[in-house]
Amino acid sequence: MAGAGGSVTEADPRRWKALCVLALVQFMLVLDITVVNVALPHIKVDLGFSRAGLAWVVDAYVLTAGGLLLLGGRLSDLLGRRRMFLIGVSLFAAASALSGAATGPGMLVASRFVQGAGEALAGPAAFGLVALLFTDAKERAKAIGIFGGVAGLGGTLGPLISGLILQGLSWRWIFYINIPVAVVTVVAVRRLVSESRASAATTTGRADVSGALLATAGLVSAVYGLIEAGTRPWGSTQVLLPLLIGIGVLGLFVVRERTAANPLVPLRFFRNRTRVTANVVTLCFASVFFTMFYLLTLYLQQVKGYSALRTGLAYLPFGIVISVGIGVSSQLVTRVGVKALLGAGFVFQAVGVLTMARITVHGSYLTELLPGMVLMAFGSGLSFAGFSNASIHGVTSEDASLASGVQNAVQQVGGAVGLAVLATIALRHATAAMRHGVAAATASTAGTALAFRIGSVILAVGALAVWALFEKVRPEPEE
């Protein structure tokens, strides 16, 4: 594996055991984005949240994680990937304990901010460790595909796990369950993973703190504005002001990176066409993927009248099929290549979301939802290996965790974009229909169907971008 100096030696015999542990943590980190959705009504009643304030239970985590991921990736490369992973997981566990013990809205939201910071440190470090643990190109491609797929599985199974917990326990156990996982992980990683960091030449000089602050502030502000657009008009001050500030600060970040001696994100990182395209299509995927879960959960609970447990069980086929897709992709990625695999995955997703757009108020789950969910799940499983491998295309070993930080930040932003744009379109369409006398359930369903049709177009554009712009992807970082 890669040593402290970034050189590559023979394969570590502990690598597959280490992959299992690192993938488990990534599963937990991504799970925490979706697991709270089904529990929000219970949290609102127990802690006395207002309707507007309740959104911060989700937003605090997404905003902090998305804003700090770039910094977390770079710190992992410079200060040590294992060190930052252990710090991030420990921070995440402590914040999970505070979230479960929250006595009021302020305490829960504050602890969710800290959870997001823990993910921003642990996530990129875990990816960097996986990429460097496997020295053989074929093994590395499979390992990265499995790691990315398990992360996606975490997001998929969030509603099911939440429903199961709420059926027999308090919503607080959604957070408490993270603690034993984190403890086991810290102990295992100390034994199974050696430290690795960028070369001494890269770590000389000061880190680009100004760049880190600009990138974080710009992303947080822009994502905040996009999320606010889910409940406010696009022209409102609450939406436009943070968006404009975010764009302006990100512009300053680009200027800073052009002049910094040790930039947070070297501009050369964005000169590779395949890597840039991979991050763009990741944004397309995330915007549809997370919005689909949000809108479907509302449809199942508010229109179809499903309980929390039944809603979670409705997603069980999705979790099973996405696992199949992950297995297929991990085997095929070295045979057919990233370009073909990712392009095909986007086609399956586009067709699946378009199929789900047929939903009606009184329609059957088996005939209207399940076929589309299966297609979407299989396409998602196929795509995860492609995302993970394309994100490190052409990067050096020193930039392995940075590449993960960029991609994960794009995923967070993509989720925010989806909720801000697609969910807003669905809500406004439903509101307009109700003004013309359409029943609330019918109007809401029509709005969801419209958002799904738009989502299918976004995914189709992603497929075209992959086929048109991807080069031949080498599934390993360069030396």
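Given the structure is predicted, the values throughout are model-derived calculations rather than measurements.

Parameters and conventions
Residues numbered from 1 in each chain as written. Predicted model: local features only at pLDDT ≥ 70, side-chain atom pairs only at ≥ 80, totals over all residues. Heavy atoms only, no water. Phe/Tyr/Trp six-rings, centres within 6.5 Å; stacked < 30°, edge-to-face > 60°. Helix = DSSP H or I, 4+ residues; strand = E, 2+ residues; numbered from the N terminus. Buried < 20%, exposed > 50% of the residue type's maximum accessible area, 1.4 Å probe, protein only. Lys NZ or Arg CZ within 6 Å of the ring centre and 35° of its normal. Patch = residues over 30% accessible without salt bridge, like charges linked within 9 Å, V, L, I, M, F, W, Y side chains within 5 Å. Areas by Shrake-Rupley, 256 points an atom, 1.4 Å probe, with all protein chains shown as cover. Salt bridge = Lys/Arg side-chain N within 4 Å of Asp/Glu carboxyl O. Expected span 1.5 Å × (residues − 1). Bend = angle between axes of the 7 residues up to and from the residue. Axes fitted to C-alpha atoms, helices over the stretch in contact; angles between N-to-C directions. Parallel < 35°, antiparallel > 145°, perpendicular 65-115°, else oblique. Left-handed = near helix turned anticlockwise from the far one by under 90°. Contact = heavy atoms within 4.5 Å. Nonpolar A, V, L, I, M, F, W, Y, C, P; charged D, E, K, R; others polar.

Enquirer: Lay out the packing of aromatic side chains with the relevant residues and their values.
Expert: A full pass over the atoms with the stated rule returns ten aromatic pairs. Where Trp173 meets Tyr176, the ring centres are 5.3 Å apart and the plane angle is 75°; that geometry is what we call edge-to-face. Of this pair, Trp173 and Tyr176 both sit in helix α8 (residues 173–176), separated by three residues, roughly a single helical turn. Given the relative accessible area of 42%, Trp173 is considered partly exposed. Taking the relative accessible area as the measure of exposure, Tyr176 reaches 24% and is therefore partly exposed. Put simply, the rings of Phe285, Phe289, Phe290, Phe293, Tyr315 and Phe318 touch in pairs and so form one group of aromatic residues. When the ring centre of Tyr306 is taken as reference, the NZ or CZ atom of Arg310 above it lies at 3.9 Å.

Enquirer: Describe a nonpolar patch on the surface, listing the residues and the values that go with them.
Expert: On the surface, Leu313, Leu316, Ile320 and Val324 cluster together into a nonpolar patch covering about 330 Å² of accessible area. Examining the composition of the nonpolar patch, we find that three residues originate from one element, helix α15 (residues 316–336), more than from any other. Tracing the backbone through its elements, the reader meets Leu316 in helix α15. Looking at Leu316, the relative accessible area reads 34%, which means it is partly exposed.

Enquirer: How would you explain α15 if you had to name every residue and give the values?
Expert: Helix length check: α15, at 21 residues, gives a terminal C-alpha distance of 29 Å against a target of 30 Å (1.5 Å per residue), a fit within 8%. Taken as a whole, α15 carries its principal kink of about 35° at Ser330. All buried positions along α15 are accounted for by Phe318, Gly319, Val321, Ile322, Gly325, Ile326, Ser329, Ser330 and Val333. Positive backbone phi, approximately 95°, marks Gly337, located one or two places after α15.

Enquirer: How would you sum up the packing of helix α5 (residues 81–100) against helix α9 (residues 178–192)? Please name residues and give values.
Expert: The interhelical angle for the contact between α5 and α9, taken along N-to-C directions, is 160°, at an axis separation of 9 Å. Accordingly, the angle class assigned to the pair α5 and α9 is roughly antiparallel. Remark: the crossing between α5 and α9 carries left-handed chirality. Contacts between α5 and α9 involve Arg82, Phe85, Leu86, Val89, Ser90, Phe92, Ala93, Ser96 and Ala97 on the former and, on the latter, Asn178, Ile179, Ala182, Thr185, Val186, Val189 and Arg190. Grouping the amino acids of the contact of α5 with α9 by side-chain chemistry returns ten nonpolar, four polar and two charged.

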